[in-house]
Amino acid sequence: GNSVTQMEGPVTLSEEAFLTINCTYTATGYPSLFWYVQYPGEGLQLLLKATKADDKGSNKGFEATYRKETTSFHLEKGSVQVSDSAVYFCALTEPTSGTYKYIFGTGTRLKVLA
Amino acid sequence: DSGVTQTPKHLITATGQRVTLRCSPRSGDLSVYWYQQSLDQGLQFLIQYYNGEERAKGNILERFSAQQFPDLHSELNLSSLELGDSALYFCASSVSSGGGYEQYFGPGTRLTVT
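So, here is what we can say about the structure in this document. Being a predicted model, the structure only gives us computed values, none of them experimental.

### Looking at the state of the cysteines
Residue and element names in this part refer to chain A.
Step number 1: Counted under the stated rule, the structure contains two disulfides over all chains.
Step number 2: One disulfide bridge connects C23 with C90, the sulfur atoms lying 1.9 Å from each other. Between C23 and C90 the sulfur-sulfur dihedral comes to about -70°; the bridge is accordingly left-handed. Placement of C23 in strand β4 (residues 23-26) and of C90 in strand β10 (residues 86-96) is noted, with a sequence separation of 67 residues between them.
Step number 3: Overall, the relative accessible area of 1% leaves C23 in the buried class.
Step number 4: Exposure remark for C90: the relative accessible area of 1% places this residue in the buried category.

And the structure:
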């Protein structure tokens, strides 16, 4: 079945460092891809998404490009801030029985130090 | 604030008991999803409802059941509780069950089974 693989965390960076969180996926069709973020004590919230190959999603300085040839959707940010400390989840939707099911990666914890 | 509400925020109960978690989706959203988040299992999809009908099932135990009511709120019933059921339970909603739609997550219910 379809799956999402994320890099293990935690990722610890200094403020203003460059961030990459790797995400690769396995899918039989053409899934939509998402990055969600979970701040401490809160639910997940959508960070960005891409619905077709070569689309670039971007929000709050984060971006990710849907790469079909490498089945990847890596999250990047040029300069992280302490407030970016959170858990980041890569996800895809796959069609199943007339609906779409979300499949989430295991999450990558990011710690940004001042 | 995502617009999705969940009650209660915290729940402490004993093994063998039964509990009901409640979720109200965002206004206008027809799809409701339930997830379980634990430290060792990550975010696990349990079940999805769309406009009152069950649409997809994930890793939901037979001791667990859910339903979506005509006013679109949903309840997740957990029975014969075990210590391993201790987790955060999230509800999410989306306007449709389509693949490109984002999910809006509630703040979660933290269940502790003692």
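### Remarks on unusual backbone geometry
Step number 1: Cis geometry is found at the peptide bond from A:G9 to A:P10, where omega equals 0°.
Step number 2: Inspection of the secondary structure assignment puts A:P10 in the loop between β1 (3-6) and β2 (11-14).
Step number 3: With omega at -10°, the peptide bond leading from B:T7 into B:P8 counts as cis.
Step number 4: Looking at where B:P8 falls in the secondary structure, it is placed in the loop between β1 (5-7) and β2 (10-13).

### Concerning the nonpolar core
Step number 1: Counting residues in hydrophobic clusters, the biggest one holds 27 residues, and the most contacted among them are A:L19, A:W35, A:L47, A:L48, A:F73, A:L75 and A:Y88.
Step number 2: Elements with a minimum of two residues in this core: β2, β3 (19-21), β4, β5 (32-38), β6 (44-50), β8 (62-65), β10 and β12 (108-113) of chain A.
Step number 3: Considering each element in turn, this core owes the most residues, four residues, to β10(A).
Step number 4: Counting residues in each nonpolar core, the second largest holds 21 residues, with B:V4, B:C23, B:V32 and B:A87 among its members.

### Topic: the side chain of A:D84
Step number 1: Tracing the sequence through the fold places A:D84 in the loop between β9 (75-77) and β10.
Step number 2: Within the structure, the side chain of A:D84 is placed 2.8 Å from the side chain of A:K77, a separation counted as a polar contact.

Cut-offs and rules
Residues numbered from 1 in each chain as written. Chains lettered and ligands numbered in written order. Predicted model: local features only at pLDDT ≥ 70, side-chain atom pairs only at ≥ 80, totals over all residues. Heavy atoms only, no water. Disulfide = S-S within 2.5 Å. Helix = DSSP H or I, 4+ residues; strand = E, 2+ residues; numbered from the N terminus. Buried < 20%, exposed > 50% of the residue type's maximum accessible area, 1.4 Å probe, protein only. Core = buried A, V, L, I, M, F, W, Y, C linked by side-chain atoms within 4.5 Å. Polar contact = N/O pair within 3.5 Å; in protein donor to acceptor, adjacent residues only side chain to side chain.

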